[in-house]
Amino acid sequence: METIQKLWQQGLSLHQSGDLSAAKAIYQEILSLDHNHFDSLYLSSAIATQENDLPLAKKLLNKALSVNPRHIDANFNLAVLLEKSGDINNALEKYSLLI
């Protein structure tokens, strides 16, 4: 776990400094060690969204939410992605859960 924590800190630092490519690589490395690492799933979805890869972003958010289904920001981001992709009914359902 110490290795994952060190990698996580490094990836987060890179992400915050704007080096999304390097952060993405580290998040993928973390996920190869722990497939259910919520933060890596969540921030990988953010990078996928910024890269306009909405299907991947939705897949990653759904996986993150399977780990932590009550995470407000992840639920909101999924609702936004569903709306952007034209899945209005599911987006409205997600939004309603947030109220």
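Residues numbered from 1 in each chain as written. Predicted model: local features only at pLDDT ≥ 70, side-chain atom pairs only at ≥ 80, totals over all residues. Heavy atoms only, no water.

Q: Describe in detail the overall build of the protein chain, supporting the description with residues and values.
A: The helix and strand tally for the protein chain stands at six helices and zero strands. Along the protein chain, from the amino end to the carboxyl end, the secondary structure elements read α-α-α-α-α-α. Radius of gyration (C-alpha) of the protein chain: 14 Å, near the 13 Å computed for a compact globule of 99 residues. Viewed in the frame of its principal axes, the protein chain has a C-alpha envelope of about 40 × 25 × 20 Å. Taking all 99 residues of the protein chain together, 34% fall into the buried category. Put simply, 36% of the contacts in the protein chain that link residues at least 6 apart link residues at least 24 apart. A total accessible area of about 6000 Å² is found for the protein chain, and carbon and sulfur atoms account for 52% of it. (Helix = DSSP H or I, 4+ residues; strand = E, 2+ residues; numbered from the N terminus. Rg over C-alpha atoms; globule rule 2.2 N^0.38 Å. Buried < 20%, exposed > 50% of the residue type's maximum accessible area, 1.4 Å probe, protein only. Contact = heavy atoms within 4.5 Å. Areas by Shrake-Rupley, 256 points an atom, 1.4 Å probe, with all protein chains shown as cover.)

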